[in-house]
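Architecture at a glance
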Amino acid sequence: MAASPGALRRAGNEEFRRGQYGPAAALYTRALQQLEASGDAAAEERSVLLSNRAACHLKDGACSLCVADCSSALELVPFGIKPLLRRAAAYEALERYALAYVDYKTALQVDCSVQAAHDGVNRMTKALLEKDGVNWRQKLPPIPTVPVSAQTRWSVPSPGAPGANAPPAAAPQGKPDQTAAGMERARTLKEEGNELVKKGNHKRAVEKYTESLKLHQECATYTNRALCYLTLKQYKEAAQDCTEALKLDPKNVKALYRRAQAFKELKDCKSSIADLQSLLKTEPKNTAALRLLQELNRA
């Protein structure tokens with residue numbers, strides 16, 4: 001007899017607890033497929049499964065997939081704390097700071113006691129101030145207003161999914177949760193690497209990014225380390241890091257451009273041109289890519 005969606009979800013939670021994020025995601029997917037096949041419109045159960053699968057993607061560094069699953073979960077059951085926080089963390093990893101800020105602020109409207117959201121707002125405020133200057137707030141997308149009914153909803157655990165809707169700080173051990181100390185440490189190390197890059201200390205920055213990647217594989221960390229390798233003329237390592245980044249986010253513009261730069265230095269013009277053409281499908285007016293492509297075509 002086939003396992004029920006509930007049994008598959010519990011098995012997925014156990015795999016997640018053991019650090020087996022791929023198998024956990026597969027179990028959540030099977031549970032979702034069963035619900036869809038049976039015509040069961042249990043929005044809350046489907047939302048929980050999508051949010052849990054998103055946690056797996058986040059742990060594996062597949063941030064674009066995490067965003068997609070969280071968005072689907074929030075369409076089914078709006079203003080869920082966990083999908084909001086997970087999507088915010090994914091946006092942050094993708095360096096889409098304005099969208100991350102909006103999700104963190106929305107989460108605080110739902111539950112102002114979630115420390116991860118407060119910390120996220122502080123980080124995004126700093127990042128956006130550096131990126132867009134003192135008028136950064138004017139460039140933000142609108143922050144949705146959370147109705148009182150939604151704020152009340154998440155204060156009471158759902159009987160159908162124990163712990164599934166509790167704030168991450170109170171999540172039972174073994175449940176998917178993106179607020180782990182390891183991820184926070186990885187983020188801190190990445191930021192330390194970024195500061196070293198600004199100071200021109202690329203060799204030391206590589207060490208910080210390497211330490212960060214041991215804790216959490218993130219697309220932006222790979223592309224940042226690749227930039228350092230390019231500066232240090234370690235072109236093979238730069239190309240390899242970009243390849244790892246593209247496994248996590250196949251259309252990442254920085255990874256495609258930096259790998260194209262590395263391939264050019266490695267005299268692999270064909271691969272360099274292919275990466276630039278892929279990049280220009282996403283950003284047709286990317287001037288740096290157009291300039292490099294023109295240079296390669298003249299060679």
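Everything discussed here concerns the structure shown above.
In this text, all values refer to a predicted model and were calculated from it rather than measured experimentally. (Residues numbered from 1 in each chain as written. Predicted model: local features only at pLDDT ≥ 70, side-chain atom pairs only at ≥ 80, totals over all residues. Heavy atoms only, no water.)

1. Points about the nonpolar core
What tends to happen in soluble globular proteins is that the nonpolar side chains get buried as a cluster. Where we set the bar: For our purposes a nonpolar core is just a set of buried Ala, Val, Leu, Ile, Met, Phe, Trp, Tyr and Cys residues, chained together by side-chain atoms within 4.5 Å. Whether a residue is buried, partly exposed or exposed follows from its accessible area with a 1.4 Å probe, protein chains only, as a fraction of its type maximum: under 20%, in between, or over 50%, in that order. Secondary structure elements follow DSSP: runs of H or I no shorter than four residues count as helices, runs of E no shorter than two count as strands, and numbering proceeds from the N terminus. Two residues form a contact once any of their heavy atoms are found within 4.5 Å.
Grouped together as the largest cluster of nonpolar side chains are 34 residues, with contacts concentrated most on Leu-58, Leu-85, Tyr-101, Tyr-104 and Ala-117. Going through the elements one at a time, α3 (43–60), α4 (63–76), α5 (81–93), α6 (97–110) and α7 (115–132) are the ones with two or more residues in this core. The biggest single contributor to this core is α5, with eight residues. Beyond its immediate chain neighbours, meaning those up to four positions away, Tyr-101 contacts Val-121, Met-124, Thr-125, Leu-128, Trp-136, Arg-137, Leu-140 and Ile-143.

2. Side note on the packing of aromatic side chains
The condition that has to hold: We call Phe, Tyr and Trp rings a pair once their centres come within 6.5 Å, taking the six-membered ring for Trp, and we label the pair stacked below 30 degrees between planes, edge-to-face above 60, and tilted otherwise.
According to the stated counting rule, one finds two aromatic pairs in the structure shown. Plain terms: the ring middles of Tyr-101 and Trp-136 are 5.2 Å apart, the flat faces sit at 80 degrees to each other, and that makes the pair edge-to-face. With a gap of 35 residues between them, Tyr-101 in helix α6 and Trp-136 in the loop between α7 and α8 (148–153) connect regions that are remote in the sequence. Classification of Tyr-101 as buried rests on a relative accessible area of 3%.

3. Examining the packing of α5 against α6
This is how the line gets drawn: Note on definitions: angles span 0 to 180 degrees between N-to-C directions of axes, and those axes are lines fitted to C-alpha atoms, for helices only across the stretch in contact. Relative orientations are named as follows: roughly parallel for angles under 35 degrees, roughly antiparallel for angles over 145 degrees, roughly perpendicular for angles from 65 to 115 degrees, and oblique for any other angle. Crossing chirality is assigned from the near helix's rotation relative to the far helix, an anticlockwise turn below a right angle marking it left-handed and a clockwise turn marking it right-handed. When residues are sorted by character, Ala, Val, Leu, Ile, Met, Phe, Trp, Tyr, Cys and Pro go into the nonpolar class, Asp, Glu, Lys and Arg into the charged class, and all the rest, Gly among them, into the polar class.
Across the interface, α5 lies against α6 with an axial gap of 8 Å and an inter-helix angle of 160 degrees. As far as their axial angle goes, α6 and α5 are roughly antiparallel. Note that α5 runs across α6; the crossing there is left-handed. The residues of α6 that touch α5, namely those facing Ile-81, Leu-84, Leu-85, Arg-87, Ala-88, Ala-89, Tyr-91 and Glu-92, are Tyr-97, Leu-99, Ala-100, Asp-103, Tyr-104, Thr-106, Ala-107 and Val-110. The residue makeup of the contact of α5 with α6, split by class, is 12 nonpolar, one polar and three charged.

4. Considering the pattern of salt bridges
Formally: Whenever Lys or Arg places a side-chain nitrogen within 4 Å of a carboxyl oxygen from Asp or Glu, that contact is recorded as a salt bridge.
Under the criterion given, the structure shown has 20 salt bridges. Overlapping salt bridges bring together Glu-92, Arg-123 and Arg-187 as one network.

5. Details of unusual backbone geometry
Phi at Phe-79 takes a positive value of approximately 65 degrees, unusual for a residue other than glycine. As for its position among the elements, Phe-79 is in the loop between α4 and α5. The class for Phe-79 is buried, based on a relative accessible area of 19%. One non-glycine residue, Lys-233, lies in positive phi territory at about 65 degrees. Tracing the sequence through the fold places Lys-233 in the loop between α11 (219–231) and α12 (235–248).

6. Quick word on helix α1 (residues 5–17)
The test is simple: One less than the number of residues in a helix, times 1.5 Å, gives the span that helix is expected to have.
Taking 1.5 Å of rise per residue, the 13 residues of α1 would be expected to cover 18 Å, and the 18 Å separating its terminal C-alpha atoms lies within 8% of that figure. All buried positions along α1 are accounted for by Pro-5, Gly-6, Leu-8, Arg-9, Gly-12, Asn-13, Glu-15 and Phe-16. Taken together, the buried residues of α1 touch α2 (21–37) and α3. Phi turns positive one or two residues past the end of α1, at Gly-19, with a value near 85 degrees.

7. Details of the environment of Leu-128
Along the chain, Leu-128 falls in helix α7. Relative accessible area serves as the criterion here: at 2%, Leu-128 is assigned to the buried category. Those residues in contact with Leu-128 that lie beyond four places of it in its chain are Tyr-97, Ala-98, Tyr-101, Gly-133, Trp-136 and Leu-140.

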